[in-house]
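Now for the letters of each chain:
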Amino acid sequence: MRRGPGGEASLRRRRGPARLWVAVAALVAGTIWLCSSSSVGLFGASYRVQDVDVNKLWRTADSNGWRASSAPRTYWPPPPTESESSGYLRVRCNGGLNQQRSAICNAVVAARIMNATLVLPELDTNSFWHDESGFVGIYDVPHFIKTLKYDVRIVMSIPEITVNGKTKKLKAHQIRPARDAPVSWYATVALEKMKKYGAVYLTPFSHRLAEDIDDPELQRLRCRVNYHALRFKPQIMKTSSEIVNKLRSEGHFMSIHLRFELDMLAFAGCIDIFTPHEQKILIKYRKEHFAEKLLVPEERRLIGKCPLTPEEVGLILRAMGFDNTTRIYLASGELFGGKRFMKPFKAMFPRLENHSTVGPGKLEENTQGLAGSAVDYMVCLLSDIFIPTYDGPSNFANNLMGHRMYYGFRTTITPNRKALAPIFIDRAQGRAAGFEQRIRQVMFNTHFGGPHKRIHPESFYTNSWPDCFCQTNARNHADRCPPDNINDVLESQFQSEEEVEESRTANQTDSAGQTEEAMI
């Protein structure tokens, strides 16, 4: 985020005819939306909300015959050998764990576009987590390189070169890519610099490749990186598995990403529910970390820009039909405002756990850093139900929703905060008649993580359907499923390429062996 001046003027409450009109319009829109909603994807055609069986939510969403598939469906040539490569691509991925995860996927695609050799991506962990784990401390590097061996050539570092009899490291030319740069920029501007200098260093590299790419094979490559190549280190996977097994030993469990931390509340501008002292802290944090912007809390809430409070989450779950025996895993940082915000939630749902209470002892060296976030990610991925309380701009929640879709359309309950806002406002002002009925009407009008069309501003990383999916009995040829095993598809194409090369010269060294050796 850009830094800029700001202060109480940016977050103060303002009243007047224009503000009143905004509030009235939002309330009317919410009422119209509620009256017009009468169907839901998971439960089929029209229904009465009081008849919905909430137990069905513990199952996966209806796939309609779709399943995950990111294997290439057209010819996919192998990556270049060292001598064929355009040069070396180095990137620095900034942000939190999941923002970096998206950046890694983009880096692999960028290397493929440029016919380049990718240097293992750098994670800018210090600025966000104060954690120096880096890529090798979080991800399984050998698995990453091996999984992508048919897509890009990956090396641990830029090699040394010899100039005038002296050996030195090749220096990468630094470039700052534009946000959401198109494929054409990488194929022209960046590639030209790479050929001139031998290596380029793209920094920062968060959201630096456009999400909408016309080439479906490049989109499927993103999915291969995200859902197959990026695997956490064995210790993180083991810890996550132990937590999931412990939670599931007593039946179903849901996970909730409770986004109610200082940074997000300051960013959202939702300060009116806090004490004067807490408001000063939020205003100061916003002034120091974000650009100046006029934010009126009441208006932010009405347009769905405020994270749900823990109490609101509890009221939603209770209205939907979940009872106080529901096992819940909380993935969150330090909640702002102290225990008073959690007290109502705990009273409704006492069976709460997190990686500290249910985990098998110490999580690596730093449970508050990348390792702790990685464990939370895996437990939420494997939970029966996942509920993000603030899906934008939360990379954690957005990436998880996409991963759960790919992992078999696992149920995700996404609260429509804009539609819920007038209901909670009415309750706060003493108009609570029909409260739970209205909540159910909103909450059961969703796809619950099933296949659905991606509509802006929904991210590709939140919903990769239909690009990274196929249909078992598809009428459209483009949607038909290729062989199950991605490696079999790529191995077959790789061997075909090798046979063509061998036919040109009997004395040529086996190209596949050279490439694999260079990558491993």
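Residues numbered from 1 in each chain as written. Predicted model: local features only at pLDDT ≥ 70, side-chain atom pairs only at ≥ 80, totals over all residues. Heavy atoms only, no water.

In the nomenclature of an unreviewed UniProt entry, the chain corresponds to O-fucosyltransferase family protein from the organism Urochloa decumbens. Per its UniProt entry, the chain bears the Sequence similarities (unreviewed entry) comment "Belongs to the glycosyltransferase GT106 family." (UniProt positions renumbered as here; feature names shortened; annotations may be inferred.)

Q: Can you walk me through the pattern of salt bridges in this structure?
A: If the charged atoms of two oppositely charged side chains come close together, the side chains can form a pair. Per the stated rule, a full pass over the model turns up 21 salt bridges. Its salt-bridge partner being glutamate 250, residue arginine 351 comes within 2.4 Å of it at the nearest N-O pair. Taken together, the residues arginine 351 in the loop between helix H14 (343-348) and strand E14 (352-353) and glutamate 250 in the loop between helix H9 (234-248) and strand E12 (254-257) connect sequence positions 101 residues apart. Judged by relative accessible area, which is 29%, arginine 351 ranks as partly exposed. (Salt bridge = Lys/Arg side-chain N within 4 Å of Asp/Glu carboxyl O. Helix = DSSP H or I, 4+ residues; strand = E, 2+ residues; numbered from the N terminus. Buried < 20%, exposed > 50% of the residue type's maximum accessible area, 1.4 Å probe, protein only.)

Q: For this particular structure, what's the right way to read the side chain of arginine 153?
A: Along the chain, the position of arginine 153 falls in strand E7 (residues 153-155). For arginine 153, a relative accessible area of 5% corresponds to the buried category. There is a polar contact of 3.1 Å between the side chain of arginine 153 and the side chain of threonine 117. (Polar contact = N/O pair within 3.5 Å; in protein donor to acceptor, adjacent residues only side chain to side chain.)

Q: Explain the sheet that holds E12 to me, please; I cannot follow it from the model alone.
A: Hydrogen bonds between backbone atoms are what pair the strands of a sheet, whose relative direction is either parallel or antiparallel. Across the sheet, four strands lie side by side as E14-E13-E12-E15; this open sheet has parallel pairing. In the strand order of this sheet, the two ends are held by E14 and strand E15 (385-388), each with one partner. With two bridges connecting them, strand E13 (residues 328-331) and E14 associate as parallel partners. From the neighbouring strand, tyrosine 329 faces E14, where its bridge partner is glutamate 353. (Pairing = 2+ DSSP bridges.)

Q: Is there a simple way to think about the pairing of strand E9 (residues 166-169) in this case?
A: Each regular strand carries side chains that alternate between the two faces of the sheet. With four bridges joining them, strand E8 (residues 160-163) and E9 adopt antiparallel strand pairing. Paired with valine 163 across the bridge in E9 is lysine 166.

Q: Would you explain the nonpolar core in this entry?
A: Inside soluble globular proteins, nonpolar side chains tend to come together where they are buried. The biggest cluster of nonpolar side chains holds 69 residues, and the ones touching the most others in it are Leu89, Phe144 and Tyr186. The greatest single-element share of this core, amounting to eleven residues, is contributed by helix H3 (residues 97-114). Counting 45 residues, the second-largest nonpolar core is a separate cluster that includes Met254, Phe260, Ala319 and Phe448. (Core = buried A, V, L, I, M, F, W, Y, C linked by side-chain atoms within 4.5 Å.)

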